[in-house]
Amino acid sequence: MAYIGLPYYGYCPIKITTSDDGSEQETLGTGKITRAVISYAGENDSESGELWAGDRREQRDNGSPTAKLTIDRSYLSLADEAELGGHKYEEATKTLERKDTDTPATVRVAALGKMKTPERKLVYRLIGYYRASFDPVSDTLNTSGKGVSYGTTKLTGAAECNAKGEFMKKQDFDDYNAALTALKTFLNILEG
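The notes below deal with the structure included here. Nothing here was measured: the structure is a model prediction, and the numbers come from that model.

### Here we look at the overall build of the protein
A tally of helices and strands in the protein yields two helices and 13 strands. Long-range contacts, defined as pairs at least 24 residues apart, comprise 66% of the intrachain contacts of the protein with a sequence gap of at least 6. Surface accessibility of the protein: about 12,200 Å² in total, with carbon and sulfur atoms responsible for 46%.

### Some thoughts on helix α2 (residues 176-186)
For α2, every residue scored as buried is listed here: Ala179, Leu180, Ala182, Leu183, Lys184 and Phe186. With a side-chain oxygen positioned 3.3 Å from the backbone nitrogen of Asn177, the residue opening α2 is Asp175.

### Examining the nonpolar core
Tyr9, Val109 and Tyr129 are the most contacted members of the largest nonpolar core, which has 22 residues in total. Sorting the residues of this core by element identifies β1 (2-18), β4 (37-44), β7 (67-73), β10 (107-116), β11 (122-134) and β12 (153-160) as the ones contributing at least two each. Residue contributions to this core peak at four residues, all from β11. Setting aside its immediate chain neighbours within four residues, Tyr9 contacts Lys32, Ile33, Thr34, Val37, Tyr40, Ile71, Arg73, Leu84, Val109, Ala110, Ala111 and Leu155. Among the nonpolar cores identified, the runner-up in size contains 14 residues, and Tyr8, Leu126, Ala179 and Leu183 belong to it.

### Here we look at the pattern of salt bridges
Overall, the coordinates contain nine salt bridges when judged by the stated rule. Measuring nitrogen to oxygen at the nearest pair gives 2.9 Å for the salt bridge that ties Lys121 to Asp174. Taken as a pair, Lys121 in the loop between β10 and β11 and Asp174 in the loop between β13 (168-173) and α2 lie far apart in primary sequence, 53 residues in all. Judged by relative accessible area, which is 41%, Lys121 ranks as partly exposed.

### Describing the environment of Thr34
Along the chain, Thr34 falls in strand β3 (residues 32-34). Thr34 sits 39 residues away from Arg73 along the chain, and the two C-alpha atoms are 9.5 Å apart. Not counting residues within four places of it along the chain, the set of residues in contact with Thr34 comprises Pro7, Tyr8, Tyr9 and Arg73.

### Re unusual backbone geometry
Residue Arg120 is not a glycine yet carries a positive backbone phi of 70°. Owing to a relative accessible area of 60%, Arg120 belongs among the exposed residues under this scheme. Phi at Asn188 is positive, roughly 55°, even though this residue is not glycine.

### Side note on the environment of Val123
Structurally, Val123 can be placed in strand β11. For the pair formed by Val123 and Phe173, sequence separation is 50 residues and the distance between their alpha carbons is 5.7 Å. In contact with Val123, other than residues within four places in its own chain, are Gly113, Lys114, Met115, Thr117, Asp172, Phe173 and Asp174.

### Things to note about the environment of Ala163
Looking at where Ala163 falls in the secondary structure, it is placed in the loop between β12 and β13. You can call Ala163 partly exposed: its relative accessible area is 40%. Between the alpha carbons of Ala163 and Arg131 there is a distance of 9.0 Å; along the sequence they are 32 residues apart. Here Ala163 is in contact with Glu24, Glu26 and Arg131, once residues within four sequence places are set aside.

### Concerning the packing of aromatic side chains
Per the counting criterion, the structure on display carries three aromatic pairs. Ring centres of Tyr130 and Phe186 lie 5.0 Å apart, and the angle between their planes is 65°; this geometry places the pair in the edge-to-face category. On the criterion of sequence distance, the pair formed by Tyr130 in strand β11 and Phe186 in helix α2 is long-range, its members being 56 residues apart. Of the two residues, Tyr130 and Phe186, both sit in the buried class. Over the face of the ring belonging to Phe186 we find Arg108, whose NZ or CZ atom lies 4.7 Å from the ring centre.

The rules behind each value
- Residues numbered from 1 in each chain as written.
- Predicted model: local features only at pLDDT ≥ 70, side-chain atom pairs only at ≥ 80, totals over all residues.
- Heavy atoms only, no water.
- Helix = DSSP H or I, 4+ residues; strand = E, 2+ residues; numbered from the N terminus.
- Contact = heavy atoms within 4.5 Å.
- Areas by Shrake-Rupley, 256 points an atom, 1.4 Å probe, with all protein chains shown as cover.
- Buried < 20%, exposed > 50% of the residue type's maximum accessible area, 1.4 Å probe, protein only.
- Polar contact = N/O pair within 3.5 Å; in protein donor to acceptor, adjacent residues only side chain to side chain.
- Core = buried A, V, L, I, M, F, W, Y, C linked by side-chain atoms within 4.5 Å.
- Salt bridge = Lys/Arg side-chain N within 4 Å of Asp/Glu carboxyl O.
- Phe/Tyr/Trp six-rings, centres within 6.5 Å; stacked < 30°, edge-to-face > 60°.
- Lys NZ or Arg CZ within 6 Å of the ring centre and 35° of its normal.

Dropping the structure here:
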């Protein structure tokens, strides 16, 4: 299939509570979606191992799934950057402050891709990761020049399994509204 569009990307914060027995409980915050997304990529980063005996492979373990995430955005508000990075943001002065004690937020992240099948049928694909976190954002400022160039904001981070062992969700839809509803449901975006 050929990807021909990326109408939406979003995230929702996750609060993780660890019980005395070591088990984790996740509570989803309210999610957000945006159209300000240029690219969304998850690269498999899982460690696998093999045990060989008697000149043949006896066992293979794919390990716990992980992925390197890269999301390129045309715009990232300071409020969203602060929320993702665990930084302090002051709405009244529109100021973000980053400190050495900041801990990146744990989030659920997803995008909705638009694609064409070999039969030229339009399909919408939801690709979401159940637990992710992002590195601090790097800023690059450039002077004005003769030509026009556009700057973007690149988010990089990692995805891992959540407390239930869920890692990733992919789902195809023929109907745009059904796909958008599924994206909002995955990101805990409540209507009304």
